[in-house]
Structures are given as C-alpha cells and as structure tokens.
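One letter stands for each residue in the lines below.
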Amino acid sequence: QVQLVESGGDLVQAGGSLRLSCAASGNIRRINDMGWYRQAPGKQRELVAIITRGGSTSFADSVKGRFTISRENAKNTTYLQMNSLKPEDTAVYYCNAVISGTGTWYFKAYWGQGTQVTVSS
C-alpha cells in the first residue's frame, strides 16, 4: 500500500511564507510526476504546481514567481515553498503523486489527505 502524508499547513499573515512537505511511503517502485493542488471553499480543485522526476516544473499563473516546487527522489518527498502569500491562496492543499508499486509496472495517481493553508489579510 502507498500513502502520501502532507505537513506544513498553517495560519499566516498576508506577505508571509510557508513550506509544505509531502512524503510518500509504502511499497514504492518508482515515482514519476509529483504535484500540489488546492481547493478553496466552494471552488473546484486546481493545479498549483507540478514537478517531473527529472526536475522540470510548471506552475499555475496565479502562483508564478511566488511559489517554487522541489523534490528529493531519495526521500520520495516533494516540497512547495510559498512566498508572498495572499488571502486568495487560502485553501486545502493536496499532494498528488504518480506511483508504480513494488512488483508492478503500471502507474497510479495517489492523493494525500490535505493540509489547510489560511492567509489572513
């Protein structure tokens, strides 16, 4: 079985910074893309940032220049560094990873349980 566990969500003032972490554990053979999504109350879940196994990244326009995504393949972990936070960044942030389990060759998308980020004005 595979699990994704996020951490780092908090209440922060506008202009502040937070770093989210997501660690994958379990019977993992290989992790391809890892990413972060967010869902604000009453809105659909949206992609925030994604990073390939090789380190290529892409970001939602709303966070470009403020957020960075990174990963440590040896630790099966991805990070989302969020700077210059705005009240509109308030949401539950979910980690996503495309993982192939031990002894298999197919890949499946897994989700974390989510971590709350609240930005006060």
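Model, not experiment: these values are computed from the prediction. (Residues numbered from 1 in each chain as written. Predicted model: local features only at pLDDT ≥ 70, side-chain atom pairs only at ≥ 80, totals over all residues. Heavy atoms only, no water.)

Moving on: the sheet that holds strand β7 (residues 67–72). Taking strand neighbours across the sheet as the criterion, the four strands line up as β1-β3-β8-β7 in an open arrangement whose pairing is antiparallel. The sheet terminates laterally at β1 (2–7) and β7, the two strands that pair on one side only. Taking the axes of each pair of neighbouring strands and ignoring which way they run, one obtains an average angle of 15° across the sheet. Strand direction decides the pairing type here: β1 and strand β3 (residues 18–26), joined by six bridges, are antiparallel. Across the sheet, the residue bridging to E6 is C22, located in β3. (Pairing = 2+ DSSP bridges. Helix = DSSP H or I, 4+ residues; strand = E, 2+ residues; numbered from the N terminus. Axes fitted to C-alpha atoms, helices over the stretch in contact; angles between N-to-C directions.)

With that settled, consider the side chain of R66. Topologically, R66 is positioned in the loop between β6 (57–59) and β7. Polar side-chain contacts of R66 include one of 2.9 Å to the backbone oxygen of S62. A polar atom in the side chain of R66 sits 2.9 Å from the backbone oxygen of S84. Excluding anything up to four places from it in sequence, R66 contacts Q81, M82, N83, S84, L85, K86 and D89. (Polar contact = N/O pair within 3.5 Å; in protein donor to acceptor, adjacent residues only side chain to side chain. Contact = heavy atoms within 4.5 Å.)

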